[in-house]
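Structural features, examined
Each chain is listed here by its residues.
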Amino acid sequence: MSGRSGKFKVALVQMRCSTNADDNLERACGMLRDAARKGAQVACLPELFRTQYFCQSEDAATFDLAEPIPGPSSEALAAVARETGMAVVGSLFERRAAGVYHNTAVVLDADGSFVGRYRKMHIPDDPLYYEKYYFTPGDLGFRAFPTKFGRVGTLVCWDQWYPEAARLTALQGAEVLFYPTAIGWHPAEKAEFGEAQASAWETIQRSHAIANGVYVGAINRIGHEGPKSGGLEFWGGSFLADPFGRILAKAGRDAEEILVAEVDPKLQEETRRNWPFLRDRRIDAYAPITRRFLDPEA
C-alpha cells in the first residue's frame, strides 16, 4: 500500500495528437507540468498519446513506432515526475522483443522511479480499431500500484467494458482506476448512434466506480484522425467519477483540457460501509465465471 492515506489530487490530461511524435511528447510533458501547477499529485495521459491512433489500418512499418520500456518516452515522463514531484501514468507502444509488442501503461512515482507497468489485457478488433494486429495480449494480469500519494490501478481503453477487470484491480486496494483511452465516432455513424455510444461508454465506467466503491478516471483524446471522408472523430469527454458514481469533473468534446479533482480515501471508506458490495460478494459461487460461456444442458 502507499505510505499515505490522505486526500490527493489527480489530473486527467485530455489532448489532441498530431502526426509528429516528438511534438506530442513535448506537449504532453508541458501539460503534465501545467497539471502539477494546478496542484495535481498524480496525473494520467491518454492512450498511445505519442502518435495519432495508428490502429485504423494494418501496416507493418508502424511497428517502428514502438520502443522499449524503459526507453525514451518513459524516461521523458520520469524526468517530468522528478521535476514536478508528481506521479505520472503514461500509455506507450511497448516493444518487448522482435515481433512482440504491447499496449502498455507505465506508472512513475513522484521521484521519477519506475513503479511498474500494466499491459492491456483486452484487445479489440473492429473496423478502424485493428489492435489485434499490433498488440500481444497482456500477460501481467490486472494490477494496482503504490505511489507516494495513493494506490492507483491502470487499465486501458477496451478494458473499460469489462467489470471483471475493474473488480480484480479494485480488489488489490486501488483508490482510483485510470483508463487511458482512445475512443471516437465513425463519422458516418455519429448522427444515428453517437449520443448512445458516448453515453454507454460513460455509464459503464461510472458503474465500475459504484460496484467497486472506487474513483474512476477516463482519459480520452480529441480531434479527427484519418481521412477527412472517414477516419475517427475522438469524442473527448474525459471525466473523474467518485465511488458513488458521481462525476466530479468532465471535459468537453473538442478542446484540450486538464481536469484536476480530489480523491478522498475517507469517502471511499464511507461509501463502502454504506454499500458493502465487497463484503457481500459470494466468492464461493463465482467459479463458472472462468468459463467462456455457460451452455445450457442438452
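Quick caveat: nothing in here was measured; it's all calculated off a predicted structure. (Residues numbered from 1 in each chain as written. Predicted model: local features only at pLDDT ≥ 70, side-chain atom pairs only at ≥ 80, totals over all residues. Heavy atoms only, no water.)

1. Brief notes about the overall build of the chain
A count of helices and strands for the chain gives 6 helices and 17 strands. Here the C-alpha radius of gyration of the chain, 18 Å, is about what a compact globule of 298 residues would show, namely 19 Å. Dimensions of the chain, computed from the C-alpha atoms along their principal axes, are close to 60 × 50 × 40 Å. A buried classification covers 52% of the 298 residues belonging to the chain. The long-range fraction of contacts in the chain, counting pairs at least 24 apart against all pairs at least 6 apart in sequence, stands at 69%. Working note: accessible area of the chain is about 13,400 Å², and carbon and sulfur atoms make up 52% of it. Between the averaged position of the 35 positive side-chain charges in the chain and that of its 39 negative side-chain charges there is a distance of 6 Å. (Helix = DSSP H or I, 4+ residues; strand = E, 2+ residues; numbered from the N terminus. Rg over C-alpha atoms; globule rule 2.2 N^0.38 Å. Buried < 20%, exposed > 50% of the residue type's maximum accessible area, 1.4 Å probe, protein only. Contact = heavy atoms within 4.5 Å. Areas by Shrake-Rupley, 256 points an atom, 1.4 Å probe, with all protein chains shown as cover. Lys, Arg positive; Asp, Glu negative; His and termini not counted. Charge placed at Lys NZ, Arg CZ, Asp CG, Glu CD.)

2. Details of the pattern of salt bridges
Under the definition given, this model contains 21 salt bridges. We note a salt bridge from Arg-27 to Asp-23, for which the minimum N-O separation is 3.1 Å. Of the two residues, Arg-27 and Asp-23 both sit in helix 1 (residues 21-37), 4 residues apart, roughly one turn of that helix. Among the residues examined, Arg-27 registers a relative accessible area of 25% and is labelled partly exposed. Using a relative accessible area of 29% as the deciding quantity, one classes Asp-23 as partly exposed. Here Arg-279 makes a salt bridge to Asp-280, at a shortest N to O gap of 2.7 Å. Since its relative accessible area comes to 62%, Arg-279 is described here as exposed. Overlapping salt bridges bring together Glu-94, Arg-96, Arg-117, Arg-119 and Asp-139 as one network. (Salt bridge = Lys/Arg side-chain N within 4 Å of Asp/Glu carboxyl O.)

3. Remarks on the sheet that holds strand 12 (residues 215-219)
Remark on secondary structure: sheet strands pair via backbone hydrogen bonds, oriented parallel or antiparallel. Strand order in the open sheet formed by 6 strands is 8-9-10-12-15-16, and the pairing between neighbours is mixed. Both edges of this open sheet fall to strand 8 (144-146) and strand 16 (247-250), since each of them pairs with a single strand only. Ignoring strand direction, the axes of neighbouring strands in this sheet form an average angle of 20°. Helix-sheet contacts for helix 5 (residues 187-212) involve strand 10 (176-180), strand 12, strand 15 (239-241) and strand 16, and the interaxial angle to strand 15 is about 35°. (Pairing = 2+ DSSP bridges. Axes fitted to C-alpha atoms, helices over the stretch in contact; angles between N-to-C directions.)

4. What about helix 4 (residues 163-170)?
Within the sequence span of helix 4, burial applies to Ala-165, Ala-166, Thr-169 and Ala-170. Down the axis of helix 4, the buried set is contained in an arc of 125°. They therefore lie on one face. (Arc of directions from axis to C-beta.)

5. Re the side chain of Thr-154
Tracing the sequence through the fold places Thr-154 in strand 9 (residues 151-154). For Thr-154, the contacting residues outside a window of four places in its chain are Val-89, Ala-105, Val-107, Tyr-118, Arg-143, Phe-145, Thr-169 and Phe-178.

6. What to know about the pairing of strand 13 (residues 222-225)
By the bridge criterion, 4 bridges tie strand 13 to strand 14 (residues 232-235) in an arrangement that is antiparallel. If you follow Glu-225 over to strand 14, its bridge partner there is Leu-232.

7. Some thoughts on the nonpolar core
If you look at the biggest cluster of nonpolar residues, it comprises 61 residues, and the most contacted ones within it are Val-42, Phe-93, Phe-135, Val-176 and Phe-178. Residues Val-13, Met-31, Ile-69 and Leu-108 belong to the second largest nonpolar core, which totals 25 residues. (Core = buried A, V, L, I, M, F, W, Y, C linked by side-chain atoms within 4.5 Å.)

8. Looking at helix 6 (residues 265-274)
Since the α-helix advances by 3.6 residues per turn, residues separated by three or four positions end up pointing in the same direction. Along helix 6, the residues classified as buried are Pro-265, Gln-268 and Thr-271. Along the long axis of helix 6, the arc covered by the buried residues comes to 120°, so they all point the same way. For helix 6, the exposed residues lying more than 90 degrees away from the buried face are Lys-266, Arg-273 and Asn-274. Elements that come into contact with the buried residues of helix 6 comprise strand 17 (257-263). Backbone nitrogen of Lys-266 and a side-chain oxygen of the N-cap are separated by 2.9 Å at the start of helix 6; the cap is Asp-264. (Polar contact = N/O pair within 3.5 Å; in protein donor to acceptor, adjacent residues only side chain to side chain.)

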